[in-house]
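# Topology and contacts: notes
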Amino acid sequence: MSDEEDRRGKAERRHPSEKDETAMPRRAHDSGRVRAAIRTELEEVAEEGAELQARTGVGHGERVITLENISLAFEDPILENVSFNAKSGDTVVVVGESGTGKSTILKLLLRLLIPDKGRVLIDGEDITGLTFDDALKVRQKMGMVFQGAALFDSMTVYENVAYPLREHTLLSEDEIEARVREKLQFVDLEPERVMDQMPSELSGGMKKRVGIARGLANNPEIMLYDEPTSGLDPLTTATITYLIIKLQRELGVTSIVVSHDIRSAFRMASKIALLANRRIGFFGTPEEMTGTDDPYIREFLGGF
Amino acid sequence: MSDTLRSDYEATHLILESFNDAAKRGIYSLQEFFALAGKAIGFIFVKPFYTTDLFQQMDAIGVGSLGIVLLTGFFTGMVLALQSAVQLQTFGATDYIGSLIAGSMIRELGPVLAGLMVAGRVGSGIAAQLGSMRVTEQIDALNTLGTDPIKKLVTPRVLASLIMLPVLTVINDFVGILGGSIIAKFYLGKPASLYWRTVFEQMLAGGFTLHYIPNDFIQGLTKPFVFGGIISLVACYHGLKTTGGTEGVGNATTRTVVTASILILVVDYFLTQIILAVFPS
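Quick caveat: nothing in here was measured; it's all calculated off a predicted structure. (Residues numbered from 1 in each chain as written. Chains lettered and ligands numbered in written order. Predicted model: local features only at pLDDT ≥ 70, side-chain atom pairs only at ≥ 80, totals over all residues. Heavy atoms only, no water.)

Once that is clear, we can look at the sheet that holds strand 3 (residues 91–96) of chain A. Residue and element names in this part refer to chain A. Taken in spatial order, the 6 strands line up as 6-7-8-3-9-10 in an open sheet, and their pairing is mixed. Here the strands that pair on one side only, and so sit at the sheet edges, are strand 6 (142–145) and strand 10 (279–284). With direction set aside, neighbouring strand axes in the sheet form an average angle of 15 degrees. Both strand 7 (residues 222–226) and strand 8 (residues 254–258) contribute to a ladder of 5 bridges, which runs parallel. (Pairing = 2+ DSSP bridges. Helix = DSSP H or I, 4+ residues; strand = E, 2+ residues; numbered from the N terminus. Axes fitted to C-alpha atoms, helices over the stretch in contact; angles between N-to-C directions.)

What follows is about the pairing of strand 1 (residues 63–73) of chain A. Residue and element names in this part refer to chain A. Two elements, strand 1 and strand 2 (residues 77–87), share 7 bridges in a ladder whose sense is antiparallel. Opposite L72, over in strand 2, you have L79 as the bridge partner. Hairpin connection, strand 1 to strand 2: the antiparallel pair is bridged by 3 residues. Two elements, strand 1 and strand 4 (residues 117–122), share 5 bridges in a ladder whose sense is antiparallel. Note on strand 4: the bridge partner recorded for E68 is R119.

This part takes up the interface of chain A and chain B. Taken together, the 22 residues of chain A in the interface contact 15 residues of chain B. Of the roughly 1,600 Å² buried between chain A and chain B on both sides combined, carbon and sulfur atoms contribute 58%. Its largest share of buried area at the contact with chain B, chain A owes to F146, F152 and Y163 of chain A, together 29% of the area lost on that side. The interface formed by chain A and chain B holds 0 salt bridges in total. Seen at the junction of chain A and chain B, the total is 6 residue pairs in polar contact (both at pLDDT 80 or more). Broken down by secondary-structure element, the contributors of at least two residues to the side of chain A that touches chain B are helix 5 (132–139), strand 6 and helix 6 (157–168) of chain A. (Contact = heavy atoms within 4.5 Å. Buried area = accessible area lost by both parts, 1.4 Å probe. Salt bridge = Lys/Arg side-chain N within 4 Å of Asp/Glu carboxyl O. Polar contact = N/O pair within 3.5 Å; in protein donor to acceptor, adjacent residues only side chain to side chain.)

As a further point, take the environment of N172 of chain B. Residue and element names in this part refer to chain B. The residue N172 is located in helix 6 (residues 149–186) in this model. Judged by its relative accessible area of 0%, N172 falls in the buried class. Apart from residues lying up to four places away in sequence, N172 is in contact with V69, T72, G73, M105, L109, G110, L113 and A114. Polar contacts involving the side chain of N172 include one to the main-chain amide nitrogen of G73, which spans 3.3 Å. (Buried < 20%, exposed > 50% of the residue type's maximum accessible area, 1.4 Å probe, protein only.)

Residues and elements named next belong to chain B. Along the polypeptide, T198 turns up in helix 7 (residues 192–205). The exposure class assigned to T198 is buried, which follows from its relative accessible area of 4%. Side-chain polar atoms of T198 contact the backbone oxygen of Y195, separated by 2.6 Å.

All names here are of chain A. For the structure on display, the rule yields 21 salt bridges over all chains. R166 is the partner of E173 in a salt bridge, and the nearest nitrogen-oxygen pair spans 2.7 Å. Among the charged side chains, a network of salt bridges with common partners joins E80, R278 and R279.

Honestly, that's just the spatial picture; any functional story needs more than this.
In structure tokens:
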């Protein structure tokens with residue numbers, strides 16, 4: 001057996017995990033390269049953003065969402081003294097390691113949870129003291145996209161997107177259909193193809209897009225996303241990220257995105273909030289984040 | 001304090017503490033259950049009315065359970081007639097078999113059997129459905145879309161059960177008595193006219209309320225109404241409280257069937273006592 005054949009044979013006999021070793025994500029040693037790539041991406045996104053802001057006037061106006069000194073504990077403390085805000089048209093991405101209470105922040109914004117201390121302000125209104133019925137009204141200002149899309153599996157795609165319209169508007173059936181089609185087209189789905197399908201017939205990415213369309217149906221001022229890109233392939237991740245950016249730019253929607261996907265986060269964020277040890281470890285623009293000397297943040301970015 | 005005394009003291013303290021915790025948890029669960037029941041029943045009278053959901057649930061709970069109720073009712077009536085025939089023959093009282101079957105079916109077996117069947121079939125279904133909705137965040141999605149999940153999911157199920165269980169019980173009673181008539185005719189050789197006459201005599205023998213309503217009917221229809229409430233509320237409670245993924249859904253389903261079945265049997269006893277006191281024969 002020649003050396004060449006021997007090498008080929010060994011390679012074939014190797015365990016798949018060994019075979020993949022060369023393709024594994026590069027770690028700290030080339031985090032510089034990652035940061036450089038992110039910087040280039042940021043510059044491109046910033047240029048596009050500035051151009052659009054000048055053209056449309058979508059900008060950074062008054063504060064729409066404010067979290068003030070929020071503390072929350074169940075059996076153990078979850079959040080301690082967490083504060084940040086989002087101005088009109090901002091996309092704030094909350095990043096952090098798993099289990100640091102990122103999704104809890106969304107539940108606080110929706111008033112599905114009430115903080116032990118601190119205030120949550122939506123459009124200047126403190127929602128922490130609201131009654132259950134008043135909280136339902138505040139939630140109508142918001143669209144939420146869940147990690148698993150949370151589509152109602154007993155309803156078709158059409159009925160899912162139409163649901164908030166039927167619940168809270170007096171639109172006629174024709175108007176509802178027009179709105180559903182518009183929202184499905186906005187998320188790059190063909191209404192004719194998907195409207196009559198059941199959620200179980202859709203792929204993960206399509207479910208997420210229908211979830212976004214349902215969140216958008218009532219034309220909310222605020223969109224909340226819980227891990228919008230988790231469990232998706234890179235191409236679909238890019239599509240969903242693009243959709244969130246498109247929403248911000250075309251509709252001026254204020255968004256809070258909870259994610260552990262730092263690459264997508266950098267593409268879409270106006271501000272990044274890093275949650276570490278139950279507190280906000282960093283709150284600022286992506287540029288400020290890449291420029292920091294904080295060892296934890298550097299390690300956090302390097303991990304990607 | 002000696003070491004033995006200290007360890008005894010600590011052990012007692014630990015036992016008391018765990019007993020205290022369990023009692024607190026129990027009372028808290030009861031409180032949550034009654035809060036859910038109060039809200040669900042209160043929402044029956046508050047707009048918006050989810051009539052489509054109500055009719056869907058009436059179809060699923062009522063029409064969907066028809067087959068199982070027909071089968072159990074029919075065979076229970078037949079076996080009851082068969083067993084009673086042996087006893088009645090001893091006293092030469094086989095003419096009264098219709099009376100015995102009607103009394104047992106309408107007052108007791110009809111409501112309890114329909115209740116147990118529906119608890120198994122519908123209760124488990126409701127718990128599994130709501131449990132799955134909870135673990136896949138669909139309940140949270142309802143909340144965020146500005147809908148009260150209790151109003152949208154629990155109220156239609158409770159109302160549908162309250163309406164459909166008495167209907168199913170009446171059907172169960174009828175096919176049970178019909179099953180008994182077959183045994184009376186072909187096993188005991190009694191004419192159908194005699195059988196049905198004793199059935200009607202039994203229905204009217206328990207006395208009347210408001211001059212026209214036979215007391216047996218009051219007993220036979222109050223029970224399934226209460227059982228319908230128990231089954232749907234227990235199922236919705238366990239479904240909405242589901243945690244821990246698919247395993248949690250399984251646990252919620254099992255707990256629902258066990259709790260609802262036991263409650264039906266226990267409540268049946270107390271309800272019978274109350275009804276007999278309020279509407280004496």
